[in-house]
Amino acid sequence: MADRTLRGKTAIAGIGETIYYKHGQSPHSEFKLALQAIVKACEDAGISPHDIDGFASYGNDRSDGPRLAAALGVKELKFSNMFWGGGGGGVCGAVGNASAAVATGMADCVVAFRSLAQGQYARYGRSGAAAAVMGEDAFLFPYGVMSPAQRFAMKITRFMHDHGIRQEALRGIALACYHHAQKNPNAVMRGRELDEEKYDASRWIVEPFHHLYDCCQENDGSAAVIVVPADRAKDMAKKPAYVMACGQGGDHRSAAPVHNMPNYPSSHFGKLAPRLYEMAKMSPSDMGIVQCYENFTGGVLMSLIEHGMVKPEEANEFLVKDNLIVEGGRMPLNTSGGNLAECYMHGLELVIESVRQIRGTAINQVKKNDAAIIMGGPMVTPVSSLILGSEATL
Amino acid sequence: MSTHYLPEGLPTPSSGPDGLAAPYWEGTRAGKLRIQKCNGCKAWQWGPEWVCHRCHSFDLGWEDIQGHGRIYSYERPHHPVHSALNGHGPYIAVLVELPAYGNIRMVGNLLGDPLQTVPIGGAVQAVFEPHDSATPPYTLVQWRLV
């Protein structure tokens, strides 16, 4: 039986992003933003949107594949896929699902995308709850535990408590993301530099660890990547970023209701990460490009630890700005600014930045650019991760 | 003077059309703290579900328990995300672990000074907070340090 693996079978051949906006500032509807990103990704790949034959998304994206297929004049729709679960837990999973469809011959050219206009629709940071709530929400909302920041903060509190990790480690993550955004013309936080004093003085969103700058933005925008078979990608317009591995899921009962997951202080990558590296036949030290989804900086901390990029006992010492920036840093992190400072594009901007890094066309270009790890949506279930590589990693 | 920890106007709990959580909410109205216990394998289970996660029995019972726990984690939200909380200031939510009942966990508010230091591991006792004038009336379970 042939190896059951995605390793090297598909590649990202095109990337597209809209202008990124602060929430409420997009002049375009969410669906139009989706179309713009997909058309741009096709242009980048040198293909016609008529030749897309599949759509994969996540986070309950409202721009559904069949409508997109009709709008774009897709000749034949072969794959239409939504990744369960909220937040950006599905960002890498959507790329993985697109790859699985392409690798198995179900489809030939699948776009993985996300479109999100928090201005047109509800903001994640405001409760749009009804007067009466049921299910799990009934055990949380009446106590003022409503927004994502509030729903995840207690995991971070306990993790920091268990490992003796200090606020400064989270500050280092935020400073690096804001630093990288300053050169990125499409970063919403370009021109808004962050330093230690500004971070320390920023207001609490949720004590004890979530200052304002530990929390992602709320934005409007869309992003898309085109996934094709590896042997086709090598003859296309742009240098391919090969999909070396994807992992998705959660550990034992990590979606147990009312905070009853057995492994509580976790980003829930602990079981997934070994599978990911095994499929890629790579290890954490191979990853020159590190992109980690920031819903909150505490989620980044746990993701990095659970992917073996940092040891918990070294987190206080290692997670400082100088180690995390592209200029001389040992582990440049979120080199386009990420969810904190580029755009909360539900993490797909991190996948796109990884492709630019592998191509060698990033604004904050890293030198060791053959392999990228992207970690998506810490603390939700399911989460997902992705390893991309250049031809040299095949 | 309100006897409620948080301001009026927050979403109110409903057991929903499927009735899964109804025994819990009926219990709190009667001053009883009640969680699921599997009649097959005797495992405790929280939050409520239709099947036992351990032995897959659908014969799940509800058992009254003592409201003794310890603080497993906490948070102090400052930013108001709901209009009912505008201008209210910080408050404390705690995640309470119940060692006598399979370490199941419950979320509530920690009564007292909202700026108090919260001890992880601290012993807490359940306190019923009735909302009698709500339509329909309901009772929350809050926690205080002992």
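Residues numbered from 1 in each chain as written. Chains lettered and ligands numbered in written order. Predicted model: local features only at pLDDT ≥ 70, side-chain atom pairs only at ≥ 80, totals over all residues.

**Re the overall build of chain A**
Selection rule: Think of it this way: any DSSP run of H or I at least four residues long counts as a helix, any run of E at least two long counts as a strand, and we number them from the N terminus. We call two residues in contact when their backbone-placed C-beta atoms lie within 7 Å.
Looking only at helices and strands, chain A features 13 helices and 13 strands. Along the three orthogonal principal directions, the C-alpha set of chain A runs to about 50 × 50 × 45 Å. Partitioning the contacts of chain A with sequence separation of at least 6, the portion at a separation of at least 24 is 78%.

**Considering the packing of helix α1 (residues 30-45) of chain A against helix α2 (residues 65-72) of chain A**
All names here are of chain A. Here is the rule we go by: In this analysis, axes come from line fits to C-alpha atoms, helices being fitted only over the stretch in contact, and the angle between any two N-to-C directions falls in the range 0 to 180 degrees. For any helix crossing, the convention is left-handed if the near helix is rotated counterclockwise from the far helix by under a right angle, and right-handed if that rotation is clockwise. Note that Gly is not counted as nonpolar here; it falls among the polar residues with everything else outside the nonpolar set of Ala, Val, Leu, Ile, Met, Phe, Trp, Tyr, Cys and Pro and the charged set of Asp, Glu, Lys and Arg.
Put simply, α1 and α2 touch, their axes get as near as 11 Å, and they point 65° apart. Relative to α2, α1 is oriented so that their crossing is right-handed. Across the interface between the two elements, Ala34, Leu35 and Ile38 of α1 pack against Leu68, Ala71 and Leu72 of α2. Grouping the amino acids of the contact of α1 with α2 by side-chain chemistry returns 6 nonpolar, no polar and no charged.

**Concerning the environment of Phe58(B)**
Residues and elements named next belong to chain B. Structurally, Phe58 is set in the loop between β3 (44-45) and β4 (60-65). Separated by 18 residues in the primary sequence, Phe58 and Gly40 place their C-alpha atoms 8.5 Å from one another. Non-local contacts of Phe58, meaning those with residues more than four positions away in its chain, are made with Trp50 and Val51.

**Notes on the sheet that holds β4(B)**
All names here are of chain B. For clarity, the cut-off: For two strands to be treated as a pair, DSSP must find at least two bridges joining them.
On the basis of which strands lie adjacent, the open sheet formed by 3 strands has the order β3-β2-β4 and antiparallel pairing. Two strands bound the open sheet, and with one partner strand each, they are β3 and β4. As judged from the 2 bridges shared by strand β2 (residues 33-38) and β3, these two strands associate in the antiparallel manner. Note on β3: the bridge partner recorded for Lys37 is Trp44. Packing against the sheet, helix α1 (residues 22-29) makes contact with β2 and β4, and its axis sits at approximately 145° to β2.

**Here we look at the confidence of the model for chain B**
Caution is warranted with low-pLDDT regions, since their predicted coordinates should not be read in detail. Counted only if it meets this: Each residue carries a pLDDT value, the predictor's own confidence for that position, ranging from 0 to 100.
Summary statistics for chain B give a mean pLDDT of 96 and a share of 99% for residues scoring 70 or more. Interface confidence for the predicted complex, given as ipTM, is 0.98, next to a pTM of 0.97.

**Side note on α2(A)**
Residues and elements named next belong to chain A. Applied cut-off: Exposed residues have 12 or fewer other C-beta atoms within 10 Å of their own C-beta, buried residues have 20 or more, and partly exposed residues fall in between, where C-beta atoms are placed from the backbone. Within this analysis, the arc is defined by the directions that extend from the helix axis to the C-beta atoms.
Those residues of α2 lying buried are Gly65, Leu68, Ala69 and Leu72. When α2 is viewed along its axis, its buried side chains cluster within an angular range of 100° and face the same direction. The exposed set on the far side of α2, more than 90 degrees from its buried face, consists of Pro66 and Ala70. Among the structural elements, α1, β3 (54-58) and β4 (79-83) are those in contact with the buried residues of α2. Where α2 ends, the next residue or the one after it, Gly73, has phi of about 70°, a positive value.

**Here's the deal with helix α8 (residues 272-280) of chain A**
All names here are of chain A. For α8, the full list of buried residues reads Leu272, Ala273, Leu276, Tyr277 and Ala280. Along the long axis of α8, the arc covered by the buried residues comes to 125°, so they all point the same way. Summarising the contacts, the buried residues of α8 are in contact with β10 (241-249), α9 (297-306) and β13 (383-389). Lys281 sits one or two residues past α8 and shows a positive phi near 55°.

**Quick look at the interface of chain B and chain A**
The interface is formed by 35 residues belonging to chain B together with 38 residues belonging to chain A. Contributing elements (two or more residues each) for the side of chain B that touches chain A: β1 (12-13), β5 (68-77), β6 (93-98) and β7 (104-109) of chain B. Relative to β1(B), strand β6 (residues 132-133) of chain A runs parallel, the two sharing 2 bridges. What sits directly across from Ala132(A), in β1(B), is Thr12(B).

**A closer look at the pairing of strand β9 (residues 138-145) of chain B**
All names here are of chain B. A large share of β9 lies buried, amounting to 6 of its 8 residues. Here strand β8 (residues 123-131) pairs with β9 via 8 bridges, running antiparallel. Note that in β9 the partner of Gln125 across the bridge is Arg144. Linkage of β8 to β9, two consecutive antiparallel strands, is achieved through a turn of 6 residues.

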